[in-house]
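Structural description and commentary
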Amino acid sequence: GGESHSLIEGIPALSLGAKQGASNRLDRNDATPETVRELRRRFMAALRDRNGQRPAPGARVRMLEKTPKNSLRVPFLAAAFPEARFVYLHRDPREVFASMMEGWESGRFRTYPNLPGWEGELPWSFLLTPGWRDLARLPLNERVASQWATTTQILLDDLEALPRERWMVSRYDALLADPNAEVRHICETMDLRWDVTLGAQLPLSSHTVSRPRAEKWRDREAQITAVLPRVAPLIDRVSRLAMR
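Here goes a summary of the coordinates provided. These numbers were taken from a predicted model, which means no experiment stands behind them. Chains are numbered independently. Their residues run from 1 in the order of the written sequence. Under the rules for a predicted model, residues below a pLDDT of 70 receive no local features and side-chain atom pairs below 80 are neither given nor counted, while totals for whole chains, interfaces and linings still include all residues. Derived side-chain values reflect all non-hydrogen atoms in the structure, with water molecules and hydrogen atoms excluded from consideration.

Here we come to the packing of helix H5 (residues 140-160) against helix H9 (residues 232-242). An axis is simply a line fitted to the C-alpha atoms; with a helix, the fit covers only the stretch in contact. Between two such axes, the angle follows the N-to-C directions and lies from 0 to 180 degrees. Every helix listed is a DSSP run of H or I at least four residues long, and every strand listed is a run of E at least two residues long, numbered separately from the N terminus. Taken N-terminus to C-terminus, the directions of H5 and H9 make an angle of 45 degrees; their axes are 11 Å apart at the nearest point. As the angle between them shows, H5 and H9 are arranged oblique. Helix-helix and strand crossings are classified by hand; for H5 and H9 the assignment is left-handed. Touching Trp 148, Ala 149, Thr 152, Gln 153, Leu 156, Asp 157 and Glu 160 of H5 are Leu 234, Ile 235, Arg 237, Val 238 and Leu 241, all from H9. By definition in this entry, angles of less than 35 degrees are roughly parallel, angles greater than 145 are roughly antiparallel, angles of 65 to 115 are roughly perpendicular, and the rest are oblique. In a left-handed crossing the near helix is turned counterclockwise from the far helix by less than a right angle, and in a right-handed crossing that turn is clockwise. Note on contacts: a residue pair qualifies if any of its non-hydrogen atoms lie within 4.5 Å across the two residues.

Here it is as structure tokens:
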């Protein structure tokens, strides 16, 4: 029903304070037995099905979790949940940059509004990446490009260190073009059943700032194209991965 910010960071050992404000990065060393037990307890207490019902006692369930910060926590999650599998949802970076810029400006995604040591003109938004202090003086287009690049580099390196059967790639454009086909592709790859027929058009996310439309990123085209060369090798890497 929501994202896992407080579920994870509410555990003292996983809090930003315990990490001395380094970033949202967690690795397998953070997956101590005590921490894993508490995390599993918290997730189980929060679990609800699509009708808002808690799982029946003893039921075998598969939890679906989607929080962008966890892109920096794959080694931790893989160790804490050895049965877990991961879906990397690939979206055109130009669209991502435009969406992130809009999100920073909106003020709706301020994950750390009073972040000690942050000197940027806007309070910190979205996931806290390693090296975040170096982004304070950057213009917004360069800041979001750096957030994306740091996160994507870490995420892909971590996924590729796992056995290939533990992760897959899904395409955002394919999901929009044919929701049923892409969700069925995900479920078949993840060995899950799917019993819902989706409409041709998906409902808007509750986090939507402004309505999506084709080529919307071009409203910020000059700012976005200016940062593409510096992240071009990584864009090539994710594009090749998404084409498999």
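Having put the structure on the table, let's press on.
Further remarks concern the side chain of Ser 23. Topologically, Ser 23 is positioned in the loop between helix H1 (5-9) and helix H2 (33-46). Its relative accessible area of 8% is what places Ser 23 among the buried residues. Two N or O atoms form a polar contact when they lie within 3.5 Å of each other; inside protein one atom must be a possible hydrogen donor and the other a possible acceptor, and for residues adjacent in sequence the pair counts only when both atoms belong to side chains. A distance of 3.1 Å separates a polar atom in the side chain of Ser 23 from the backbone nitrogen of Arg 25. Residues in contact with Ser 23, not counting those within four places in the same chain, are Leu 16, Leu 128, Thr 129, Pro 130 and Trp 132. Under the scheme applied here, a residue whose accessible area is under 20% of the maximum for its type counts as buried, over 50% as exposed, and between as partly exposed, the area being computed with a 1.4 Å probe on protein chains only.

Below, the discussion takes up the pattern of salt bridges. We count a salt bridge whenever a side-chain nitrogen from Lys or Arg sits within 4 Å of a carboxyl oxygen from Asp or Glu. What the rule picks out here adds up to 23 salt bridges. Residue Lys 19 pairs with Asp 30 through a salt bridge whose shortest N-O separation is 2.3 Å. On the criterion of sequence distance, the pair formed by Lys 19 in the loop between H1 and H2 and Asp 30 in the loop between H1 and H2 is long-range, its members being eleven residues apart. A relative accessible area of 23% places Lys 19 in the partly exposed class. The buried category is assigned to Asp 30, whose relative accessible area is 12%. For Arg 40, the salt bridge goes to Glu 83, with nearest N and O atoms at 2.9 Å.

The geometry of helix H4 (residues 93-106) relative to H5 is characterised by a closest axis approach of 9 Å and an angle of 120 degrees between their N-to-C directions. Viewed along their axes, H4 and H5 adopt a mutual orientation that is oblique. As H4 packs across H5, the resulting crossing turns out to be right-handed. Seen from H4, the contacting residues are Pro 93, Val 96, Phe 97, Met 100, Met 101, Trp 104 and Glu 105; seen from H5, they are Leu 140, Asn 141, Arg 143, Val 144, Ala 145, Gln 147 and Trp 148. Just so you know the grouping, Ala, Val, Leu, Ile, Met, Phe, Trp, Tyr, Cys and Pro go in nonpolar, Asp, Glu, Lys and Arg go in charged, and all remaining residues, Gly too, go in polar. Tallied by class, the residues present in the contact of H4 with H5 amount to ten nonpolar, two polar and two charged.

For the rest of this paragraph, the subject is helix H7 (residues 179-189). All buried positions along H7 are accounted for by Pro 179, Asn 180, Glu 182, Val 183 and Cys 187. Positioned one or two residues after H7, Asp 191 has a phi angle of 60 degrees, which is positive.

Non-glycine residue Gln 20 carries a positive phi angle of around 55 degrees. We classify Gln 20 as exposed; its relative accessible area is 71%.

Note on aromatic pairs: the rings of Phe, Tyr and Trp (six-membered ring only in Trp) are paired at centre separations within 6.5 Å, and the planes decide the class, stacked below 30 degrees, edge-to-face beyond 60, tilted for the rest. Throughout the structure, instances matching the rule amount to eight aromatic pairs. Ring geometry for Phe 43 against Phe 81: centres 6.0 Å apart, planes inclined by 65 degrees, an arrangement best described as edge-to-face. Placement of the pair is Phe 43 in helix H2 and Phe 81 in the loop between helix H3 (74-80) and strand E1 (86-90), with a sequence separation of 38 residues. Like Phe 43, the residue Phe 81 is buried in the burial classification. Taking the centre distance of 6.3 Å and the plane angle of 50 degrees together, the rings of Trp 104 and Trp 118 count as tilted. Here Trp 104 is found in helix H4, whereas its partner Trp 118 is found in the loop between H4 and H5, with 14 residues between them in sequence. Among the residues examined, Trp 104 registers a relative accessible area of 0% and is labelled buried. One aromatic cluster is present, built from ring pairs that chain together Trp 104, Trp 118, Trp 124 and Trp 132. In this structure, Arg 164 is placed above the aromatic ring of Trp 167, and the distance from its NZ or CZ to the ring centre is 3.8 Å. Two conditions define a charge located above a ring, namely a distance within 6 Å from the ring centre to NZ of Lys or CZ of Arg, and an angle within 35 degrees of the ring normal.

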